[in-house]
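Coordinates in review
Listed here are the chains, written in short residue letters.
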Amino acid sequence: MKHFEFTVTDEYAGERIDKCISELYEDFSRSYIQKLIKDNLVNVSPNKENCELSKSVKGSYILKEGNFVFFDTKESIIPDIVPEDIPLDILYEDSDVLVVNKPKGMVVHPAPGHYSNTLVNAVMFHVKDLSGINGVLRPGIVHRIDMNTTGSLIICKNDKAHIDIAAQLKEHSINRLYRAIVHGVINEDEGTVNKPIGRNEKDRKKMACNVANSKNAITHYKVLKRFKDYTYIECKLETGRTHQIRVHMASIGHPVLGDDVYSTIKSPFKLLGQTLHAMTLGFIQPSTKEYIEVVAPLPEYFNNLLNILI
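So, here is what we can say about the structure in this document. Model, not experiment: these values are computed from the prediction.

On to the overall build of the protein. The number of helices and strands found in the protein is 6 helices and 15 strands. Rg of the C-alpha trace for the protein: 20 Å, near the compact-globule value of 19 Å for 310 residues, within the 12% margin. Once the C-alpha set of the protein is aligned to its principal axes, its extents read approximately 60 × 40 × 35 Å. Burial status across the protein gives 53% buried among its 310 residues. Contacts spanning at least 24 positions in sequence make up 67% of the contacts within the protein whose residues lie at least 6 apart. Of the roughly 14400 Å² of accessible surface on the protein, 51% is carried by carbon and sulfur atoms. Looking at the protein, you have 38 positive and 39 negative side-chain charges, and the mean spots of the two groups are 6 Å apart.

Here you go:
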């Protein structure tokens, strides 16, 4: 018997429960989830604090943001997640949160095919107690960046901090600045992409603009330097949809250099994925209410590429 639980984020609000669970836990087929639901083994409560109000639901149940979903399986399909002594570049830490500088190529949390060597495995070795709101696969994780995106990521040590930071993310009050190199020369010095983003209807692992069940998505960008065939930009996220910068920049004809998912342009450089870095993260500390701003320096490969392009 193995227990699973998670809190529904806005990314999955409005989706059927069987569809959501099969996307979050890819080792479980949708038919297997539907069987668990039919056997009344999947429960939903309004939120984690009111588990006594939980009830079993049908597969057609539409999730709401904040819903707490939990279920048990007879088979331990997903292995236990264990701490691993992996070096961490810690940019900031206190009793509630820590901000780490995630390296390129590291997956943030365990998922099918990546149950070890993730950021979560490393953080679990460094921090003994983490927020449990997002379940056993994502302890402490309140937001994510892609495997091949580098930079600052906040981890919550307790549920109180998690709820507070999640509220700041929802209110769009966290200052998130990214650096990117994109294909083509952007003529205007500044601009805004305001296009809703949702899951690609043909490929659920990809995102797309203006599709069914899209959610509001806004990215502001500013040109830092122009090169012959590329532009170095800063992006400010007003919202935080999956792959937002990559999808938005591709939608205006300037995909991120090295992006092998949203760009069809072959990179002439030897890159491991997109040239995208989460540089600045500013937030209100959950307990002291002090504004904290952390800056992750550009990685070596990024600086080297800028020097080549000059």
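What follows picks up the thread again.
Here helix H4 (residues 159-170) is 12 residues long and its end C-alpha atoms lie 16 Å apart, about the 16 Å a rise of 1.5 Å per residue gives. Residues of H4 that are buried: Ala-161, His-162, Asp-164, Ile-165, Gln-168 and Leu-169. Seen end-on, H4 carries its buried residues on one side only, within an arc spanning 165°. Facing away from the buried side of H4 by over 90 degrees, the exposed positions are Lys-160 and Lys-170. Contacts made by the buried residues of H4 are with strand S6 (97-102), strand S7 (150-156), strand S8 (175-183) and strand S14 (276-284). If you check the start of H4, you find a side-chain oxygen 3.3 Å away from the backbone N of Lys-160, and it comes from Asn-158. Directly after H4, the chain includes His-172, whose backbone phi takes a positive value near 60°.

All right, on to the pattern of salt bridges then. Under the definition given, this model contains 15 salt bridges. Between Lys-48 and Glu-5 there is a salt bridge, with its nearest N and O atoms 3.8 Å apart. Of this pair, Lys-48 sits in the loop between strand S2 (42-45) and strand S3 (55-56) while Glu-5 sits in strand S1 (residues 2-7); the two residues are 43 residues apart in sequence, bridging distant segments of the chain. Glu-5 gets classed as buried once you look at its relative accessible area, which sits at 17%. The closest approach of N and O atoms between Lys-157 and Glu-93, which form a salt bridge, is 2.8 Å. Of this pair, Lys-157 sits in the loop between S7 and H4 while Glu-93 sits in strand S5 (residues 90-93), and the two are 64 residues apart along the sequence. According to the relative accessible area criterion, Glu-93 is partly exposed, its value standing at 35%. Connected via shared salt-bridge partners are Glu-5, Lys-48 and Asp-159.

Cut-offs applied
Residues numbered from 1 in each chain as written. Predicted model: local features only at pLDDT ≥ 70, side-chain atom pairs only at ≥ 80, totals over all residues. Heavy atoms only, no water. Helix = DSSP H or I, 4+ residues; strand = E, 2+ residues; numbered from the N terminus. Rg over C-alpha atoms; globule rule 2.2 N^0.38 Å. Buried < 20%, exposed > 50% of the residue type's maximum accessible area, 1.4 Å probe, protein only. Contact = heavy atoms within 4.5 Å. Areas by Shrake-Rupley, 256 points an atom, 1.4 Å probe, with all protein chains shown as cover. Lys, Arg positive; Asp, Glu negative; His and termini not counted. Charge placed at Lys NZ, Arg CZ, Asp CG, Glu CD. Expected span 1.5 Å × (residues − 1). Arc of directions from axis to C-beta. Polar contact = N/O pair within 3.5 Å; in protein donor to acceptor, adjacent residues only side chain to side chain. Salt bridge = Lys/Arg side-chain N within 4 Å of Asp/Glu carboxyl O.

Remember that the coordinates give geometry; whether it matters functionally is a separate question.
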